[in-house]
Amino acid sequence: MQQSPIIILGIESSCDDTSAAILKDGKILANIVANQDVHEAYGGVVPELASRAHQQNIIPTVDKAIKKAGISKEDISAIAFTNGPGLLGSLLVGSSFSKAFALAMKIPLIEVNHMHGHILAHFIEEIDGTKNHPDFPFLCLTVSGGHTQIVKITDHFKMEILGETIDDAAGEAFDKVAKMLNLPYPGGPILDKKAQLGNPNRFKFTHPKVPGLNYSFSGLKTSVLYFLKKELQKDENFIIDNINDICASVQKTIVDILLIELKKAIKETGIKEIAIAGGVSANSELRKRLASFNKDYNVYIPKFEYCTDNAAMIAITGHYKFLQQDFTHQSIAPSARMKV
Ligand code: KG4
Ligand code: ZN
């Protein structure tokens, strides 16, 4: 008898992207992301506005995903949703929707840790069967707006944090520096674009001194702030006239800091399977520098749309949990803070 396929609906709503994805036996059928422009005017995510926008976006986004996948809602085997970490109001929209959907459709409910999802994004298969995932054990540099971690992964569910930031995340450093440079929100990708036109060696910023495999980015933020203040006193057009070089120099410093600790982790563990995950893995300099690692290690860089927040990564984590029958219950409550 032919086994029926496992079809997972994934829901992601931890920050300011409302996303729904459908995976059939681990293969991607749809991954819809609704961004929220409402935050642009405020130069950062406003939690209350994010929750309201999720509330408006969630049903149309799920509807689009189901239509794009060419399935009907009765075909869905289980629903997987982000239960944390993230903004509590935003998480509540995705979790409440998912609970209601599971109840109405009489299907299992699966909770997913957002950071776990970023890591397992490497296991999403394309519809034509293309897949390129790291072998266990592998190291994953997980870099997002809220996290910067080096994680050792021994199987789909066994993960150990070897090092992490003691203050700001790398994405936060990109965003905060972009704000100082008067770049619109979201700053990271815009800073990256400008950096590609600039000289990365023009300005030097100091590296943090942190024990172990840990990171720190708050010192860099302060040193850029003082540097800009000093230069603006001499020339009020300093930022406008040097924007590309400033962006390139800051970007190079952040990527240098990220890779120094990653190389240390590779040396300490002897693991040669290396992956990146999280929104900052969309950064062009980080991708370029990691690609040059290729001759010594196997490097895995996810497709662009699986780097920033998306529901496909939640659905693939849901798929592996479904295989283990690891389901949750209606009384589950999302949590703003959660370790991988
Ligand atoms: O994983 P993600 O989409 O959301 C969180 O879970 O935080 O990551 C968002 C972060 C933001 O800080 C954003 O500025 C950064 O990723 N980011 C980038 C780039 N694309 C997104 N940072 C640098 N260069 C990029 N190209
Ligand atoms: Zn994320």
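Not measured: the values here are computed from a predicted model.

Most of strand β2 (residues 17-24) is tucked away: seven of the eight residues are buried. Where strand β1 (residues 7-12) meets β2, six bridges bridge the pair, whose relative direction is antiparallel. By the bridge assignment, I7 is partnered in β2 with K24. Between β1 and the antiparallel strand that follows it, β2, lie four residues. With eight bridges joining them, β2 and strand β3 (residues 27-35) adopt antiparallel strand pairing. Counterpart to S19 in the pairing with β3 is V33. Count of turn residues in the β2/β3 antiparallel hairpin: two residues, of which D25 carries a positive phi of about 50°.

Not every one of the 18 residues close to ligand 1 is listed here, only the nearest: G145, D175, D192, G279 and D309. One of the side-chain nitrogen or oxygen atoms of H114 is found 3.2 Å away from an oxygen atom of ligand 1. For the shell around ligand 1, the elements supplying multiple residues, two or more each, are α3 (114-120), α4 (170-180) and α5 (187-195). Looking at the shell around ligand 1 residue by residue, the classes come out as four nonpolar, eleven polar and three charged. In this structure, the shell around ligand 1 is formed jointly by two domains, domain 1 (7-128 + 307-323) and domain 2 (138-304), each of which donates at least three residues.

Ligation of the zinc ion (ligand 2) by protein atoms is provided by H114 (NE2), H118 (NE2) and D309 (OD), these donors lying 2.0 to 2.1 Å from the ion. Here the donor residues of the zinc ion (ligand 2) share one chain and are spaced in sequence as H-x3-H-x190-D. Here H114 pairs with H118, and both are found in helix α3, just four residues apart, close to one helical turn.

Calculation rules
All residue numbers refer to positions counted from 1 along the written sequence of the respective chain. Labels follow written order: the first chain is A, the first ligand is 1, and so on. The model is predicted, so local features are restricted to residues of pLDDT at least 70 and side-chain atom pairs to those at 80 or more, both for listing and for counting; the totals for chains, interfaces and linings are taken over all residues. Based on all heavy atoms of the structure, the side-chain values leave hydrogens and waters out of the count. The rule is simple: take the accessible area with a 1.4 Å probe, protein chains only, and divide by the maximum for that residue type; under 20% is buried, over 50% is exposed, in between is partly exposed. In this text, helices come from DSSP runs of H or I with a minimum length of four residues, and strands from runs of E with a minimum of two, each type numbered from the N-terminal end. Should DSSP find at least two bridges between two strands, the strands are taken to pair. A cutoff of 4 Å decides nearness: a residue is near a molecule or strand if any of its heavy atoms lies inside that distance of it. Here a polar contact is taken to be a pair of N or O atoms separated by no more than 3.5 Å, where protein atoms must pair a possible hydrogen donor with a possible acceptor and residues adjacent in sequence count only if both atoms sit in side chains. Residues are grouped as follows: nonpolar covers Ala, Val, Leu, Ile, Met, Phe, Trp, Tyr, Cys and Pro; charged covers Asp, Glu, Lys and Arg; every other residue, Gly included, is treated as polar. Those domain boundaries reflect an automatic or database domain assignment. Only N, O and S atoms count as donors, using a 2.8 Å limit from the metal and a wider 3.2 Å limit for Na, K and Ca, and since water is excluded some coordination spheres may look unfilled.

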